[in-house]
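Analysis of the macromolecular model
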Amino acid sequence: MTALPIAAPAKRRAPAKVLPGFNLTLGFTIFYLSLIVLIPLSALFFKTFTLSWEQFWAAVTGPRVMAAYRLTFGASLIAALVNVVFGLLVAWVLVRYNFFGKKIVDALVDLPFALPTAVAGISLTALLAGNGWVGQYLEPLGIVLAFNPNGVVIALIFIGLPFVVRTVQPVLEDAEKELEEAATCLGATRWQTFTKVIFPSIAPALLTGFAMAFARAIGEYGSVIFIAGNMPMVSEITPLIIIGKLEQYDYAGATAVALVMLVFSFVLLLVINALQAWQRRHTGAPA
Amino acid sequence: MSANTSARRAQAGTTEPTWVRYSLIGIALVFMFLFLVLPLAAVFTEALRKGFGAYVEALNEPDAWSAIRLTLITAAIAVPLNLVFGVAAAWAIAKYEFKGKAFLTTLVDLPFSVSPVVAGLIYVLMFGAQGWFGPWLQAHDIKIVFAVPGIVLATVFVTFPFIARELIPLMQAQGNDEEQAAIVLGATGWQTFWYVTLPNIKWGLIYGVILCNARAMGEFGAVSVVSGHIRGQTNTMPLHVEILYNEYQSVAAFAVASLLALLALVTLVIKSVIEWRHEQDMKAAADIPPERPLASTPGAIV
């Protein structure tokens, strides 16, 4: 999902369809999209229709499922908020300051995108378990970060960090220094300049990054299941509920919960698209 | 010199006191160390916990080999398929105006926002024993779910948008002028693509391919649902890691995981090199006064 605001020279493209291949490429795009994405996703709706409304409602609002929603949404929200704070900090430091090893740190930000989730999961577990590198020092202090909801939050922070950094970074890079200079000349303190001048200009990007990290966290499975402990009612995430129902051959029940998740992620996708459009207008405004 | 000092004075108004700067850098680095460096280091340390011999032994095992083979096969099918799709979709979306373009772009993005578990589930609903095509497939003795084709399909789904998402903004920013010139001068559509468009988008293309490949090799959730976890047959590397880990074979699990972590590191290095090369290209192009805004960096992210 790109966050790059691009002023497309749309109007200039007057003599349309001079280039060949429109029918071929659009046809193939729609064919492949239908085959891989749309038809399989529609199976989810049709399968759900085999349930009566009461059955559907019972499947998606059972106490164990409700507990899973609470955990998934709660942990995703906390993780996305943490990522907003630290993602902004990392992006700020990478754009505004120079320090030794900056290039490496910059490259490392994308690690959660590149590292398979299962690897992240077992590695975070190895660190935070009672006998792990970090866990052995925290557990005597009464801080338990593995095999409970805390672990879920940690894994989701790991997964979501690059979304915030990579959406805020280009906006910070393009920010006009003249505005900050003007603010300083007019007597603003540096903090006032940040809250009144810089922050408003990066707020749309920050919100987009938050929504992306949140959306990714809702559906995340691989990194979470190792560290969560997966206790029903306590540390069982929604995707795991789907897996559990599938393993009991409760296909309709699994599908019903999956449909709830799908509808939610589709709504989030629309929200993210709207945010990006807002961001484009926002950054494009002065030009 | 005077320009230099005045520049420095101007900068003083737009930066923070030294102690603030160093504190912010410090906090950011500590955060990055705790959340990114430490987990990465833990993978290799745990893999080598019992020495290099045990590490090699853990990898040199038929099930591990078959997992590696299956992962490579899956990526070798999924990435080219999505590459062809990505180029076709970007050509259609970036080069033309048509009704429903924004909606189509949203649909291309859709697999990113679907939970991997749901992605796996939809193929079980299509091709599983109780699925739409289940009875027909059984009658013809074709296995898709709990077999390799299902794994490939689920991987294609989760890596679906990667290359298209890189290419669409890049090709939109470049516009159609060069291609139109080529067509007017008598080039065929294929020649135009090969000699005009492709050189312009090559960095974005490679960038998309390596990200797509990293995800294809590392996908866990979607593949886990459709795989059936048959050792030596339908286990990809991430699934093999899970099985070993759940069997408390920690060294073996982390040994396989370390290969995937290496893949991630290689991906990051290639990605940085591409970004650097692209910057060089941009700088070289900036020396010549550009007639139109240049393409954006391939900094788009998944």
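Of the regular secondary structure elements, chain B holds 14 helices and zero strands. Taking 302 residues into account, the globule formula puts the C-alpha radius of gyration at 19 Å, and chain B, at 24 Å, lies well above it. If one aligns the C-alpha atoms of chain B with their principal axes, the spans along those axes are about 75 × 60 × 30 Å. Counting the 302 residues in chain B, one finds 55% classified as buried. A sequence separation of at least 24 residues applies to 72% of the contacts in chain B between residues at least 6 apart. Looking at chain B as shown, the accessible area adds up to about 13300 Å², and 67% of this sits on carbon and sulfur atoms.

Residues and elements named next belong to chain B. Within helix H13 (residues 237–246), eight of the ten residues are buried, which leaves the element mostly enclosed by the surrounding structure. Listed in full, the buried residues belonging to H13 are Met237, Pro238, Leu239, His240, Val241, Glu242, Ile243 and Leu244. Downstream of H13 by one or two residues, Tyr248 has phi in the positive range, about 60°.

Judged by nonpolar contacts, the single largest core of 197 residues is most densely connected at Leu44, Leu115 and Ile242 of chain A together with Phe157 of chain B. Not counting residues within four places of it along the chain, the set of residues in contact with Leu115 of chain A comprises Ala120 and Phe158 of chain A together with Leu40, Ala261 and Ala264 of chain B.

The next point concerns the interface of chain A and chain B. Contacts between the two partners involve 98 residues from chain A and, on the opposite side, 100 residues from chain B. Taken together, the connections running from chain A to chain B amount to two salt bridges. Between Lys271 of chain B and Asp110 of chain A there is a salt bridge; the shortest N-O distance is 2.4 Å. On inspection of chain A and its partner chain B, the count reaches 14 residue pairs in polar contact (both at pLDDT 80 or more). Top contributing element to the side of chain A that touches chain B by residue count: helix H1 (residues 22–49) of chain A, with 19 residues.

All names here are of chain B. On average, residues of chain B score 88 in pLDDT, and 90% of them are at 70 or above. Scored below 50 in pLDDT, residues 293–302 shows 40 contacts in the model against residues more than four places distant or in partner chains. The ipTM, which scores confidence in the relative placement of chains, is 0.87 for this predicted complex, and the corresponding pTM is 0.88.

Conventions adopted
Position labels on residues start from 1 in each chain and follow its written sequence. As a convention, the first chain written is A and the first ligand written is 1, with the rest following in written order. Note on the predicted model: pLDDT of at least 70 is required for a residue's local features to be given, and 80 or more for side-chain atom pairs to be given and counted; whole-chain, interface and lining totals, by contrast, use all residues. To obtain the side-chain values, all non-hydrogen atoms of the structure were used and water was disregarded. Numbering goes from the N terminus for both helices and strands, where a helix is a DSSP run of H or I of at least four residues and a strand is a run of E of at least two. All radius of gyration figures rest on C-alpha atoms, and the globule criterion is 2.2 Å times the number of residues raised to 0.38. The buried label applies to any residue whose accessible area, calculated with a 1.4 Å probe on protein chains only, is under 20% of its type's maximum; exposed applies above 50%, and partly exposed to all values in between. Any pair of residues with heavy atoms lying within 4.5 Å of one another is described as a contacting pair. Areas reported here follow the Shrake-Rupley algorithm with a probe of radius 1.4 Å; residue values treat only the protein chains shown as occluding. For our purposes a nonpolar core is just a set of buried Ala, Val, Leu, Ile, Met, Phe, Trp, Tyr and Cys residues, chained together by side-chain atoms within 4.5 Å. The rule for a salt bridge is simple: a side-chain nitrogen of Lys or Arg has to be within 4 Å of a carboxyl oxygen of Asp or Glu. Whenever a nitrogen or oxygen atom comes within 3.5 Å of another N or O atom, the pair is scored as a polar contact, on the condition that within protein one atom can donate a hydrogen and the other can accept it, and that pairs from neighbouring residues in sequence are kept only if both atoms are in side chains. A score between 0 and 100, pLDDT records how confident the predictor is in each residue.

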